[in-house]
Amino acid sequence: MIKLSFDEYLRKEQRLKTLDSYTIFNNIPIWRIVRTRIRGEFINNPDKTIGAKITPKLLVNVLISFIQLLNIVIKRKRVDNIIFSHPRLFKVEGKYIERLSDPVIDYSNIKYSYIIFERWQNGIHKKTRVHQEKCNYWDFIPFISLIISKVFSQIIVKKYRNQIRELISELSLEFEISVKIQNEIIRELSNFIISYRLAHPILNACSAKRVFVAPRSTFNYIIAYGKKYDVKSYELQHGITLGQTKLYSGVYHNAIDPDFFLTFGKGNISNYFGMPIDKIINIGYAYGHHITNMQKENLMHLNRILVISDPQITEPLLKTVLLFAKKHPEWEFDFRCHPQEALNLYQKNIIRNQLNIHEVNNDGESFLTINKYPIVIGENSSVLFEAMYLNKKVGRLNFNGLNVALDSKIQGGFIINSIDDFDIFIRDSNLIRDNCPLLYSEFESKIVNNLK
């Protein structure tokens, strides 16, 4: 099957006008349930992430999760707010923190009535975390849903086989639909149905007014529950988005998209999130309080450059850094992978064979890591904008297979279009440093306190 660029893919998808017509539960489009996964099958930059392996520890976490969730159903203790936190936690001053939701809890009235449901990351949970006493493992739901959907998916979706057939027929007007893609559609739909059914008694026991998620694709069945039972859903922004993406691009659908999207800066209010502008609310960057208050380490790596990678650009980025490293042996290049990125053997050998390139720990909190370096380079990662927030010298690579995404409202960093540009970048100490005030604004607790 020919892989498409995302722009090519979107043009083809947009010609299909009735993809959202084939529904389950009366109004939830099957396409919107499976869209993110199926888009990844068509485009030329699918996710390359680390998956969880079934280990004794993972199974223990599933058991703990089952006991905790059963306890919630039995006790039926009501809360106003349910937080489905992002699974990525970082250690700050001795405790792990989830940077999107934990600060919002701390600096708003949410702290008076809430519960946290935490999914594992790569099969593990990091302890001790902020708000540990309110945290419950959600692992039982995705684990059991995945197992059942792998074995019984055809049975589970049997009721909707006509809708699935019609959806596949429409997709085939523009795309080559392989058996693999057909099976992915069935499994994704099955997983959604099982997750929705299993989550129902737990959410019902909590009787919450609001649910907060990040990102929406992971918790689409939670949003769908909220639509049916009048629980308002809010998605927390989890990164800087500079253009069309496989997660967000498309028309808003009330049955499956969140009621509101909460950003951490007014410069992030755009149509890139697949939300009507009037449903996007800027609440500011609550984690900014933690950055201000945390004990910052002194600048340690004066002759080192931090390189920020992403799963989709690992190899071109590494090859580009290799060019820099060979020309500038006086600099050390610290290559930091995305937390869900893993280097293959070929890529590891590139690093081993070049003495001034080093793979560095990617588990550390990014703001603390950035603070150790005078210079940070990459392509479009959110970490680059975090570096601008800390007033670091930031270079964005725009050649050799790397492409900077530009937006009229989201500017910043020095655009590096060649090796010669990189020479100018590291030599010129007077380059403007942009702290992106539009992207990270002061947290507004009153806005959060007045959410519906």
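Here the residue index of a chain counts from 1 through its sequence in written order. Reporting in this predicted model follows two pLDDT cut-offs: at least 70 for local features of residues, and 80 or more for side-chain atom pairs to be given and counted; totals over whole chains, interfaces and linings ignore these cut-offs and use all residues. Just so you know, side-chain values use all the structure's heavy atoms and leave hydrogens and water out.

Participant: Break down the packing of aromatic side chains for me, citing the residues and quoting the values.
Facilitator: Any aromatic ring pair is given by two values, namely how distant the centres are and how the planes are angled relative to each other. When two rings of Phe, Tyr or Trp (its six-membered ring) have centres within 6.5 Å they constitute a pair, described as stacked for plane angles under 30 degrees, edge-to-face for angles over 60, and tilted for the intermediate range. As enumerated under the stated definition, the model contains 33 aromatic pairs in all. The interplanar angle of 45 degrees and the centroid separation of 5.0 Å between the aromatic rings of F25 and Y196 together place this pair among those described as tilted. Here F25, found in the loop between β1 (23-24) and β2 (28-29), pairs with Y196, found in helix α7 (residues 179-206); they are 171 residues apart in sequence, far enough to count as distant. The buried label applies to any residue whose accessible area, calculated with a 1.4 Å probe on protein chains only, is under 20% of its type's maximum; exposed applies above 50%, and partly exposed to all values in between. The buried category is assigned to Y196, whose relative accessible area is 6%. The interplanar angle of 55 degrees and the centroid separation of 5.1 Å between the aromatic rings of F66 and F140 together place this pair among those described as tilted. Separated by 74 residues along the polypeptide, F66 in helix α3 (residues 56-75) and F140 in helix α5 (residues 140-156) bring together distant segments of the chain. Since its relative accessible area comes to 37%, F66 is described here as partly exposed. Taken together through their ring pairs, the aromatic side chains of F264, Y285, Y287, F367, Y389 and Y440 make up a single cluster. A ring is considered to have a charge above it if a Lys NZ or an Arg CZ atom is located within 6 Å of its centre and within 35 degrees of its normal. A cation over an aromatic ring shows up here: K12 above the ring of F175, its NZ or CZ 5.6 Å from the ring centre. Taking the ring centre of F425 as reference, the NZ or CZ of K393 above it sits at 5.3 Å. What counts as a helix is a DSSP run of H or I of at least four residues, what counts as a strand is a run of E of at least two, and both are numbered from the N terminus.

Participant: Would you mind going over the nonpolar core in detail, with residue names and values included?
Facilitator: To qualify as a nonpolar core, a set must consist of buried Ala, Val, Leu, Ile, Met, Phe, Trp, Tyr and Cys residues joined through side-chain atoms within 4.5 Å. If you look at the biggest cluster of nonpolar residues, it comprises 63 residues, and the most contacted ones within it are I24, I82, F84, F117, W138, F192 and I222. Element by element, the count of residues in this core is highest for α7, at twelve residues. The contact criterion used throughout is that any non-hydrogen atoms of two residues lie within 4.5 Å. Sequence-distant contacts of F192, that is, excluding residues within four places in its chain, are made with I24, F25, I28, I33, N220, Y221, A224 and I256.

Participant: Could you give an account of helix α11 (residues 345-352), naming the residues involved and the relevant values?
Facilitator: Spacing of three or four residues puts side chains on the same side of an α-helix, whose turn is 3.6 residues. Buried within α11 are the following residues: Q347, I350 and I351. Burial along α11 is one-sided: seen end-on, the buried residues are contained in an arc of 95 degrees. When the buried face of α11 is taken as reference, the exposed residues oriented beyond 90 degrees from it are L345 and R352. On the buried face of α11, the contacting elements are α10 (314-327) and β14 (357-360). What qualifies as a polar contact is a pair of N or O atoms within 3.5 Å, subject to a donor-acceptor requirement within protein and to the restriction that residues adjacent in sequence count only when both atoms come from side chains. Measuring from the backbone nitrogen of Y346 back to the side-chain oxygen at the start of α11 gives 3.2 Å, which picks out N344 as the cap. Summarising the geometry, the arc corresponds to the directions from the helix axis toward the C-beta atoms.

Participant: Outline the packing of α10 against helix α14 (residues 419-427), listing residues and values.
Facilitator: Following both chains from N to C, one finds α10 and α14 inclined at 60 degrees, their axes separated by 11 Å at the closest point. As summarised for this structure, α10 and α14 are arranged oblique, according to the angle between their axes. Classified by chirality, the crossing of α14 by α10 is right-handed. On α14, the residues touching L323, F324 and K327 of α10 are I419, D420, F422 and D423. Note on definitions: angles span 0 to 180 degrees between N-to-C directions of axes, and those axes are lines fitted to C-alpha atoms, for helices only across the stretch in contact. For classification purposes, angles smaller than 35 degrees are called roughly parallel, those larger than 145 roughly antiparallel, those between 65 and 115 roughly perpendicular, and all remaining angles oblique. Note on convention: near helix rotated counterclockwise from far helix by under a right angle means a left-handed crossing. Clockwise means right-handed.

Participant: Which residues make up the sheet that holds β14, and what values do they have?
Facilitator: In this scheme, strands are said to pair when DSSP sees at least two bridges between them. The strand order across the open sheet built from six strands is β14-β13-β12-β15-β16-β17, with neighbouring strands paired in parallel fashion. At either end of the open sheet lies a strand with only one pairing partner, and these are β14 and β17 (414-416). Going across the sheet, the axis of each strand differs from the next one's by a mean of 30 degrees, ignoring polarity. Two strands pair when backbone bridges link them, and strand β12 (residues 304-308) and strand β15 (residues 375-378) are joined in this way by three bridges, in the parallel orientation. Opposite I305, over in β15, you have I375 as the bridge partner. Along the sheet face, α10 touches β12, β13 (332-336), β14, β15, β16 (393-397) and β17 and points at about 170 degrees away from the line of β13.

Participant: Would you mind going over the sheet that holds strand β6 (residues 114-118) in detail, with residue names and values included?
Facilitator: Read across the sheet, seven strands follow the order β7-β6-β3-β8-β9-β10-β11 without closing on themselves; strand pairing throughout is parallel. The open sheet has two edge strands with one neighbour each: β7 (135-137) and β11 (280-282). For this sheet, the mean inter-axis angle between neighbouring strands, taken without regard to orientation, is 25 degrees. Pairing of strand β10 (residues 260-263) with β11 involves three bridges; the strand directions are parallel. Within β11, the position partnered with T263 by the bridge is N282.

Participant: Before we move on, could you go through helix α1 (residues 6-14) and cite the residues and values that matter?
Facilitator: Taken together, the buried positions of α1 are F6, Y9, L10 and E13. Around the axis of α1, the buried residues are gathered within 100 degrees of arc, so they sit on the same side. If you follow the buried residues of α1, they end up packed against α2 (30-42).

Participant: Any details on unusual backbone geometry? Residues and values, ideally.
Facilitator: Here the residue pair K127 and T128 is connected by a cis peptide bond, since its omega of 0 degrees sits within 30 degrees of zero. Examined against the element boundaries, T128 turns out to sit in the loop between β6 and β7. Omega for the bond connecting A214 with P215 falls within 30 degrees of zero, at -5 degrees, which places this linkage in the cis form. Counting through the fold element by element, P215 comes out in the loop between β8 (210-213) and α8 (220-229). Look at E93: it is not a glycine, yet its phi comes out positive at around 50 degrees. Structurally, the position occupied by E93 is in the loop between β4 (90-92) and β5 (95-97). Overall, the relative accessible area of 58% leaves E93 in the exposed class.

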